[in-house]
Amino acid sequence: MNPTNLPAAGQQPAAANPAEQLLAQLQGPALPDPIGIWPLAPGWWILLVLVIALFTGIIVFSVRHRRATAYRRTALRELARIEQSLSGREQLFAVMALLKRTCFTAYPQQRNEIAGLHGLAWLQRLEQHCALTKLSSSEREAFAYCFSGEIYRDEPPHADVISGATHVARFWIAHHRRKPAQQTTGEASAHVSV
């Protein structure tokens, strides 16, 4: 081999045919810069705003609902305390007083009207705000006992009456509506009579 025919350092030997020479001159394709995440497309901005609005709405609704029902949780804790600490007629009187206080909180615009209610008129007002017909008839009768004059008799109330009335009071506190239900004529006659 002749040293003059050798390629210089860093050079490639001359290709034997022109096709190989052209292939040797080819370079790889020029790649574009990678697509960045910023700035976002308008659709992503709209989606981001909607998600933030949705989460803000959920949080605001949850906080308002929790505040609006705080009196229910307080009344249910008080009812549990009454069940543990009192018995007999005293328990029924305390339950009725708790229902009256709960009504004052739930319906502050009707406070004067509610304060004057007693007996069956008071029972009917409670039934307007909660469907007590979902409960058993024995529980409703025990609850109605508390609104009748029989609660003031000398004989103590039966344990079933106390537990039934307390259960109905718990149900009413947990499920009453802030607005009274529209009664049909059939519902109006379905009130428990004592």
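Because the structure is predicted, anything quoted here is derived from the model rather than measured.

1. What about the pattern of salt bridges?
Working step 1: Taken as a whole and judged by the stated rule, the model has three salt bridges.
Working step 2: For Arg81, the salt bridge is made with Glu78, and the minimal N-O distance between the two is 2.6 Å. With a gap of three residues between them, Arg81 and Glu78 both fall in helix α3 (residues 70-85), about one helical turn apart.
Working step 3: Since its relative accessible area comes to 23%, Glu78 is described here as partly exposed.
Working step 4: Two residues, Glu83 and Arg170, come together in a salt bridge whose shortest N-O distance is 2.3 Å. Note that Glu83 is positioned in helix α3 and Arg170 in helix α8 (residues 159-175), a separation of 87 residues in sequence.
Working step 5: Its relative accessible area of 33% is what places Glu83 among the partly exposed residues.
Working step 6: Taking the relative accessible area as the measure of exposure, Arg170 reaches 31% and is therefore partly exposed.

2. Let's talk about the packing of aromatic side chains
Working step 1: All chains considered together, the criterion is met by two aromatic pairs.
Working step 2: Between Trp38 and Trp45, the ring centres sit 5.7 Å apart and the planes meet at 75°, which makes this aromatic pair edge-to-face.
Working step 3: According to the relative accessible area criterion, Trp38 is exposed, its value standing at 61%.
Working step 4: Judged by centre distance (5.0 Å) and plane angle (75°), the ring pair of Phe143 and Phe147 falls under edge-to-face.
Working step 5: The lysine or arginine in question, Arg111, covers the ring of Phe104, its NZ or CZ lying 4.4 Å from the ring centre.

3. Quick word on helix α7 (residues 137-145)
Residues spaced three or four apart along an α-helix point in a common direction, a consequence of the helix completing one turn every 3.6 residues.
Working step 1: Buried residues of α7: Glu139, Ala142, Phe143, Ala144 and Tyr145, and no others.
Working step 2: In this structure, the buried residues of α7 make contact with α4 (88-106), α6 (119-129) and α8.

4. Quick look at the packing of helix α2 (residues 42-68) against α3
Working step 1: One can describe the packing of α2 onto α3 by two numbers: an axis separation of 4 Å at closest approach and a directional angle of 40°. If you check the angle between α2 and α3, you find them oblique. Each of Arg66, Arg67 and Ala68 in α2 lies in contact with α3, whose residues at this interface are Ala70, Tyr71 and Arg73.
Working step 2: Along the lines of polarity and charge, the residues of the contact of α2 with α3 split into three nonpolar, no polar and three charged.

5. Here we look at the nonpolar core
Working step 1: Counting 37 residues, the largest nonpolar core has Leu99, Phe143 and Trp172 as the members making the most contacts within it.
Working step 2: Looking at this core, the elements with two or more residues in it are α3, α4, α6, α7 and α8.
Working step 3: In terms of residues, this core owes the most to one element, α4, which gives nine residues.
Working step 4: Residue contacts for Phe143: discarding those within four places in its chain leaves Met96, Leu99, Leu123, Leu126, Leu132, Ala165, Val168 and Ala169.

Parameters and conventions
- Residues numbered from 1 in each chain as written.
- Predicted model: local features only at pLDDT ≥ 70, side-chain atom pairs only at ≥ 80, totals over all residues.
- Heavy atoms only, no water.
- Salt bridge = Lys/Arg side-chain N within 4 Å of Asp/Glu carboxyl O.
- Helix = DSSP H or I, 4+ residues; strand = E, 2+ residues; numbered from the N terminus.
- Buried < 20%, exposed > 50% of the residue type's maximum accessible area, 1.4 Å probe, protein only.
- Phe/Tyr/Trp six-rings, centres within 6.5 Å; stacked < 30°, edge-to-face > 60°.
- Lys NZ or Arg CZ within 6 Å of the ring centre and 35° of its normal.
- Contact = heavy atoms within 4.5 Å.
- Axes fitted to C-alpha atoms, helices over the stretch in contact; angles between N-to-C directions.
- Parallel < 35°, antiparallel > 145°, perpendicular 65-115°, else oblique.
- Nonpolar A, V, L, I, M, F, W, Y, C, P; charged D, E, K, R; others polar.
- Core = buried A, V, L, I, M, F, W, Y, C linked by side-chain atoms within 4.5 Å.

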